[in-house]
2 protein chains.
Amino acid sequence: MSSKTNQSELILDAAYKCVSEKGYANISLRDIAKEANVALSQLHYYFGSKKKLLQEIIKRMIGKYTIELEKQIKKSQSDKKDISNVFNFIKEALERNPELFKILFDLSSLALRSDSFKLMLSDLFDHLSGVIKECIDESSSIVDEFKDFSSSTLSRLILGSVLGVAFEYTLDANKNEDILDSLDALSVIFQ
Amino acid sequence: MSSKTNQSELILDAAYKCVSEKGYANISLRDIAKEANVALSQLHYYFGSKKKLLQEIIKRMIGKYTIELEKQIKKSQSDKKDISNVFNFIKEALERNPELFKILFDLSSLALRSDSFKLMLSDLFDHLSGVIKECIDESSSIVDEFKDFSSSTLSRLILGSVLGVAFEYTLDANKNEDILDSLDALSVIFQ
DNA sequence: ATTAATATAGGACGGTCGTCCGAATTATTT
DNA sequence: AAATAATTCGGACGACCGTCCTATATTAAT
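Reading guide: rules and limits
- Residues numbered from 1 in each chain as written.
- Chains lettered and ligands numbered in written order.
- Predicted model: local features only at pLDDT ≥ 70, side-chain atom pairs only at ≥ 80, totals over all residues.
- Near = placed C-beta within 6 Å.
- Helix = DSSP H or I, 4+ residues; strand = E, 2+ residues; numbered from the N terminus.
- Nonpolar A, V, L, I, M, F, W, Y, C, P; charged D, E, K, R; others polar.
- Buried ≥ 20, exposed ≤ 12 C-beta atoms within 10 Å, placed from the backbone.
- Axes fitted to C-alpha atoms, helices over the stretch in contact; angles between N-to-C directions.
- Parallel < 35°, antiparallel > 145°, perpendicular 65-115°, else oblique.
- Left-handed = near helix turned anticlockwise from the far one by under 90°.
- Contact = placed C-beta atoms within 7 Å.

**Examining the protein's contact with DNA strand C**
Next up, step 1: Near DNA strand C lie 16 residues; those nearest to it are Gln7(A), Ala39(A), Ser41(A), Ser28(B) and Ser41(B).
Next up, step 2: The set of elements that each furnish at least two residues to the surface near DNA strand C consists of helix 3 (41-47) of chain A together with helix 2 (29-36) and helix 3 (41-47) of chain B.
Next up, step 3: A class-by-class count of the residues in the surface near DNA strand C yields six nonpolar, eight polar and two charged.

**What to know about unusual backbone geometry**
Next up, step 1: Despite not being glycine, Lys175(A) has its phi angle at roughly 50°, a positive value.
Next up, step 2: Note that Lys175(A) resides in the loop between helix 8 (151-170) and helix 9 (177-189).
Next up, step 3: Overall, the presence of 10 C-beta atoms within 10 Å leaves Lys175(A) in the exposed class.
Next up, step 4: If you check the backbone angles, Asn37(B) has positive phi at about 55° while not being a glycine.

**Considering the packing of helix 8 of chain A against helix 8 (residues 151-171) of chain B**
Next up, step 1: One way to put it is that helix 8 of chain A packs onto helix 8 of chain B with a least axis distance of 6 Å and a crossing angle of 110°. One finds that helix 8 of chain A runs roughly perpendicular with respect to helix 8 of chain B. By crossing handedness, the relation of helix 8 of chain A to helix 8 of chain B is classed as right-handed. Packed against helix 8 of chain A, whose contacting residues are Arg156(A), Leu157(A), Leu159(A), Gly160(A), Ser161(A), Val162(A), Leu163(A), Gly164(A), Val165(A), Phe167(A) and Glu168(A), the element helix 8 of chain B presents Arg156(B), Leu157(B), Leu159(B), Gly160(B), Ser161(B), Val162(B), Leu163(B), Gly164(B), Val165(B), Phe167(B) and Glu168(B) at the interface.

**Description of the interface of chain B and chain A**
Next up, step 1: Between chain B and chain A, the contact holds 46 residues from the first and 46 residues from the second.
Next up, step 2: Contributing elements (two or more residues each) for the side of chain B that touches chain A: helix 6 (98-111), helix 7 (115-138), helix 8 and helix 9 (177-189) of chain B.
Next up, step 3: Element by element, the count of residues in the side of chain B that touches chain A is highest for helix 8 of chain B, at 15 residues.
Next up, step 4: When the residues that make up the side of chain B that touches chain A are grouped by side-chain class, the tally is 22 nonpolar, 13 polar and eleven charged.

**Some points on the protein's contact with DNA strand D**
Next up, step 1: By nearness alone, 15 residues border DNA strand D, and Ser28(A), Ser41(A), Ser49(A), Gln7(B) and Ser41(B) come closest of all.
Next up, step 2: Broken down by secondary-structure element, the contributors of at least two residues to the surface near DNA strand D are helix 2 (29-36) and helix 3 of chain A together with helix 3 of chain B.
Next up, step 3: In terms of residue count, the dominant contributor to the surface near DNA strand D is helix 3 of chain B (three residues).
Next up, step 4: Grouping the constituent residues of the surface near DNA strand D by class yields six nonpolar, seven polar and two charged.

Structure representation (structure tokens):
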């Protein structure tokens, strides 16, 4: 029901929508209040400050990320438990849900100057690389040339590569096909 | 000489310093004017608007990037002309000049919502991947498993991986060693 | 039914922001 | 030397911001 919604939830929904559309730097509490059809002062009543509200939105975004990725990994565990699903997940998400990456990269600029935001992002990266590491550890076929590196190092490499390619693609004005192709190349390299 | 400086240059220097210290989102024209010891109104006299001033700073940052990277590549061309220098360049820059990456990732959040900034960043990425592509094309030893992909795809992959790992490292709260190690792994993979 | 607690609304506060204007100063040209 | 142009400055403008305060409405407890 849309009538049983408490304002706290309405505000969070509106805030997430505003942030995803206009970015952290370009939204005001008045924007969010208007979007949520709620008095401006209610944002402070429920969340105390703009920063705390932003942190709640980020928790939500991070939850979306991890749940969706784990769903994709789990789904594959019936077939083969390798990491190609990670690449597929990223590729599909890039095409179908680009806003997710926009919010992530937008958050990054906050994390550059704020320890609390940086900590939240670090937790996300730790979690994601942990999921990837499990895939590597459970995989039977490890390429010889990677034997010199630990699975934790490799998982960081894969996470970084995937994020970087997504970064490149999200910020490319021409939507260069080579960038998406390089995700396939990644999949081949790490079988 | 510090007395022969015209205000236009003073302002640019101050703006670059302010942006690199506090980020695009957290600087005001008054900050820059104070840093440059110049009247606030002079910023508009020389640059017209805050956006135009930011664009000048970004041009400068991009110039720094490309010049330094090409210097590193050229330096190596006397020895072997492979791309390991790219990885070394990134690794050294991450440790010695982390602000460079902060400014880059900070700019990215601007580019997410502004076509003009996005275009500037795309040009930078095109240029960087072009440099990498040259390294690949001139390299005699191409690993077999990469034969299926064009050098332009591979160059995009390498650029993305390098950027992504730098992204991971810059935003990691714990300065995880695995992340820097993964740059070495990259170097091994692409010899 | 009365009281207490919670939720909602509207408005005002001090502050900062980008922009712009008019005057004063300096440099250049005639 | 006079006139013109380019530079520099201080200050003001309206707009927007996050925060907070007080009053009203709603709900829960007694």
